[in-house]
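# Observations on chain architecture
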Amino acid sequence: MSDWVKEKTIAVFQRIAVAEGKIHGLPPEQVHFHEVGAVDSIVDIVGGCIALEMLGKPRVLAGTVVEGFGWINCAHGRFPIPAPATLQILGARGIGVTQCEEPQELVTPTGAAMLAEFAESFGPMQGLVAEKVGFGLGTRDNKTRPNVLRAILGQSSTEAASVNDWETDTIAVLETNLDDINAELLGHFVEKAFSAGALDVFHTPIQMKKNRPGVLLTILCAATEADRFAELMLRETSAFGVRRSIAERRKLRREFVTVKTTYGEVTVKLGKLNGKVVQAAPEYESCKKLAEEQGISLKQVYEAALKHAQI
C-alpha cells in the first residue's frame, strides 16, 4: 500500500477507536474493536482508501446521512439504531443524521468513519455532471427502499466547462488576528501545525485596533480537518476565535522526475497544464544533498537542475 492509503486507513480506524473509547471510558489505544475488527471491515476500509487513490484522490461529497430505526445486536447486547459508535463518530465530526421508516441499520460504524474522514459536505447534488456511475447491491432485502449504494464520479458544471486539465479540490482556510502572542509561541505553532498535516501555515503583518501591530495567522488544510486545526489554533495561540471559509483550488498536474546534471542527479518537480510543462522546481533536499557532496553552492545545483529540466 502507498503511504497515502496507510495514512487514511489509520485515520479511519482512529475515528472508530476514539468513538469506542468514549463509549467504554477508555483511551483509544486500549479499545477492542469487536465487530469492526473483523476481516470484512478491514477490507472495506483499506479497499475504500485504495479505490479513492485509484480514482485520483477526488473530492468526496455525500448525500444527507439517513439511518433506519429499531434495534441491532452488538457485542455488548441489544442497542437501538443508530448504534452507539455510529452516533459518536458522526457527532464528533458534526455530521447530522436523519432517521427514516426502514426498520434496519443503514449506516454502520465503518461507513460512518469513512464518511467522517473523506466527505467534505452533505446534501443534494448541485451542478454535478456525472461521468461514471456505480451501484453496490447488498444481500439483505429492505422493507421500504432498495438496498443499494450509488457512487457517482463526475465534475461540477463549472469544472466540466473548463478547457484546462488542471486538478481541482476544495480546502478550508482558517484565519485569526493576533496582537498579543509571543513570537516564540507563534514559531512553535507553525512547526506544530505543519507536523499535524496542515497544507500550509503562514502569518502576515497587519495593523489592528488602537494602531497595534499584529499578525494574521492562516492555515490551509483539508476541509475534513478544519475543526481539528481550529481547535489547535484556539489551544496553542492567544486567539479567542477562528474564521473559517471554504476555497476552491486549481492546481497544475504534478510529476517528479530525476534529471542528470554535471554535478549529479537531482529531483525536480514539474507542473503540467494541458500536457505541457509550465513550471519546474528543483527539490530543496535533493539539491542540498548534492551541493554538500560536491562542495559547491546550492545556487549552482539549482541552476544546473533547471537547465536540464525540460520546460
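Our subject in this report is the structure included herewith. (Residues numbered from 1 in each chain as written. Predicted model: local features only at pLDDT ≥ 70, side-chain atom pairs only at ≥ 80, totals over all residues. Heavy atoms only, no water.)

The next thing to look at is helix α2 (residues 39–54). Over its 16 residues, α2 extends 22 Å from the first C-alpha to the last, a length consistent with the 22 Å expected when each residue adds 1.5 Å. Within the sequence span of α2, burial applies to Ser41, Ile45, Val46, Gly48, Cys49 and Leu52. Along the long axis of α2, the arc covered by the buried residues comes to 150°, so they all point the same way. Among the exposed residues of α2, those pointing more than 90 degrees away from its buried face are Val39, Val43 and Met54. Tucked inside the fold, the buried residues of α2 contact α1 (3–24), β1 (60–62) and α4 (109–118). Just past α2, the residue glycine 56 takes up positive phi, approximately 90°. (Helix = DSSP H or I, 4+ residues; strand = E, 2+ residues; numbered from the N terminus. Expected span 1.5 Å × (residues − 1). Buried < 20%, exposed > 50% of the residue type's maximum accessible area, 1.4 Å probe, protein only. Arc of directions from axis to C-beta. Contact = heavy atoms within 4.5 Å.)

Following the criterion strictly, the structure yields 1 aromatic pair and no others. Here the aromatic rings of tryptophan 4 and phenylalanine 118 are separated by 6.3 Å at their centres, their planes lie at 45°, and the arrangement is tilted. With a gap of 114 residues between them, tryptophan 4 in helix α1 and phenylalanine 118 in helix α4 connect regions that are remote in the sequence. The exposure class assigned to phenylalanine 118 is buried, which follows from its relative accessible area of 11%. Taking the ring centre of phenylalanine 229 as reference, the NZ or CZ of arginine 228 above it sits at 4.7 Å. (Phe/Tyr/Trp six-rings, centres within 6.5 Å; stacked < 30°, edge-to-face > 60°. Lys NZ or Arg CZ within 6 Å of the ring centre and 35° of its normal.)

Moving on, we come to the sheet that holds strand β10 (residues 200–207). Strand order in the open sheet formed by 4 strands is β10-β11-β9-β12, with antiparallel pairing between adjacent strands. In the strand order of this sheet, the two ends are held by β10 and β12 (243–251), each with one partner. Taking the axes of each pair of neighbouring strands and ignoring which way they run, one obtains an average angle of 30° across the sheet. Bridge count for β10 against strand β11 (residues 213–222) is 8 bridges, and the pairing is antiparallel. Residue pairing in the sheet places aspartate 200 in a bridge with leucine 220 of β11. The strands touched by helix α6 (residues 183–195) within the sheet are β10 and β11, with β10 carrying the most contacts at an inclination of about 150°. (Pairing = 2+ DSSP bridges. Axes fitted to C-alpha atoms, helices over the stretch in contact; angles between N-to-C directions.)

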